[in-house]
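Each chain, letter by letter, is given below.
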Amino acid sequence: MKNRLKVYRAMFNLTQEELAKKLGVSRQTIIAIEKGKYDPSLKLAFKITRLFGVKIEDIFIYDGKE
Amino acid sequence: MLKILNMNESTVKKLNVLITAMVGVAIGLSIAQGNYLITLIVVIAGLATIRFISNKARTKGIVLEDERLELTTIKASDKTFRVVTVVLVTFGFVLKALNNVLGDTLLYIGCLMLIVYLVFYRYYASKLGGV
């Protein structure tokens, strides 16, 4: 699954640390999501999209792999 | 001590590694000396210290565990279970073929692990909406 988390984080001028704190996860998790190594749970995905005030498909793009 | 340290995620992880290493060394030394009471005390003291530090970290809003770490733990546990079971059963059969009593013990442990796995599997399958 591809995502545009890094883009949105930059748009909102947030560091990985700040975003992690807002979402209640570790900075490593944010890094892993941005690198596409880890697909977040539905709960975390909703938390992310609500934080940025966008729809889930604006950030997460399902490419049919896995 | 924790007030002196500028505690962040990295500090907590380093402290936990340091405590685990110290506990490991202490256990090794106490077992070598045949003093199992010290082993028990060291393990309990180590666990209590790690728990204390983790609680302090949580109150400061430091995230030590999240869903990614949970998934990592699940995957690591699953692989560990599979590898250990296969190794136990394989060695068990080899030793049994060589008429070694230890073979039976290993096979029994393998069976016990499978039974425990099945019990937990059924529990979680039921908890997560399965039959």
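Position numbers for residues start from 1 in each chain and track the written sequence from start to end. Chain letters start at A and ligand numbers start at 1, both assigned in the order the entries are written. Note on the predicted model: pLDDT of at least 70 is required for a residue's local features to be given, and 80 or more for side-chain atom pairs to be given and counted; whole-chain, interface and lining totals, by contrast, use all residues. The basis for every side-chain value is the complete set of non-hydrogen atoms in the structure, without hydrogens or water.

**Q** I keep staring at the domain arrangement of chain B and nothing clicks. Help me out?
**A** Where the parts come together, the accessible area they lose is often given as the size of the interface. By the assigned domains, chain B splits into domain 1 (9-59) and domain 2 (67-127). Reported domain spans reflect what an automatic or database domain assignment gives. Relative to domain 2 of chain B, the C-alpha centre of domain 1 of chain B lies at a distance of 27 Å.

**Q** Help me out: how do you make sense of the side chain of Thr29(A) in this one?
**A** Secondary structure elements are defined from DSSP: runs of H or I of at least 4 residues count as helices, runs of E of at least 2 residues count as strands, and each element is numbered from the N terminus. Tracing the sequence through the fold places Thr29(A) in helix H3 (residues 27-35). Summary of the burial criterion: residues with accessible area below 20% of their type's maximum are buried, those above 50% are exposed, and those between are partly exposed, where the area comes from a 1.4 Å probe applied to protein chains only. On the basis of relative accessible area, Thr29(A) is assigned to the buried category, the value being 0%. Contacts described as polar in this section are N or O atom pairs within 3.5 Å, which, within protein, must combine one atom able to donate a hydrogen with one able to accept it, while residues neighboring in sequence count only if both atoms come from side chains. Engagement of the side chain of Thr29(A) in a polar contact is seen with the side chain of Arg68(B), the distance being 3.0 Å. Residue contacts follow a heavy-atom distance rule, with two residues in contact if any of their heavy atoms lie within 4.5 Å. Non-local contacts of Thr29(A), meaning those with residues more than four positions away in its chain, are made with Tyr38(A), Leu44(A), Asp66(B) and Arg68(B).

**Q** What am I meant to see in the layout of surface pockets here?
**A** Remark: the empty space left among the atoms is shown by a probe the size of a water molecule rolled over them. Residues and elements named next belong to chain B. Within this model, the largest pocket holds a volume of roughly 350 Å³. Site definitions follow a grid-based scheme: protein atoms alone, a 1 Å grid, a 1.4 Å probe that fits but cannot get out for cavities, and for pockets an open set with protein on both sides within 12 Å along at least five of seven lines, plus lining residues having an atom within 4 Å of a point. As for the largest pocket, its lining consists of Ile74, Ser77, Asp78, Phe81, Met113, Val116, Tyr117, Phe120, Tyr121 and Tyr124. For the lining of the largest pocket, the elements supplying multiple residues, two or more each, are helix H3 (67-97) and helix H4 (101-127). Sort the elements by how many residues they give to the lining of the largest pocket and H4 lands first, with 6 residues. Residue composition of the lining of the largest pocket, by class: 8 nonpolar, 1 polar and 1 charged. Grid points are joined across faces, edges and corners, and a volume is the space filled by probe spheres set on the points. Residues are grouped as follows: Ala, Val, Leu, Ile, Met, Phe, Trp, Tyr, Cys and Pro are nonpolar; Asp, Glu, Lys and Arg are charged; all remaining types, including Gly, are polar.

**Q** Quick question: what am I supposed to make of the nonpolar core here?
**A** Within soluble globular proteins, side chains that are nonpolar generally end up buried alongside one another. Residue and element names in this part refer to chain A. What is meant by a nonpolar core is a set of buried Ala, Val, Leu, Ile, Met, Phe, Trp, Tyr and Cys residues, joined one to another through side-chain atoms within 4.5 Å. With 17 residues, the main nonpolar core has Leu5, Ile48 and Phe52 as its most contacted residues. Contributing elements (two or more residues each) for this core: helix H1 (5-11), helix H2 (16-23), H3 and helix H4 (42-52). Ile48 has contacts with Leu5, Leu23, Ile33, Ile59 and Phe60, leaving out every residue within four places of it along the chain.

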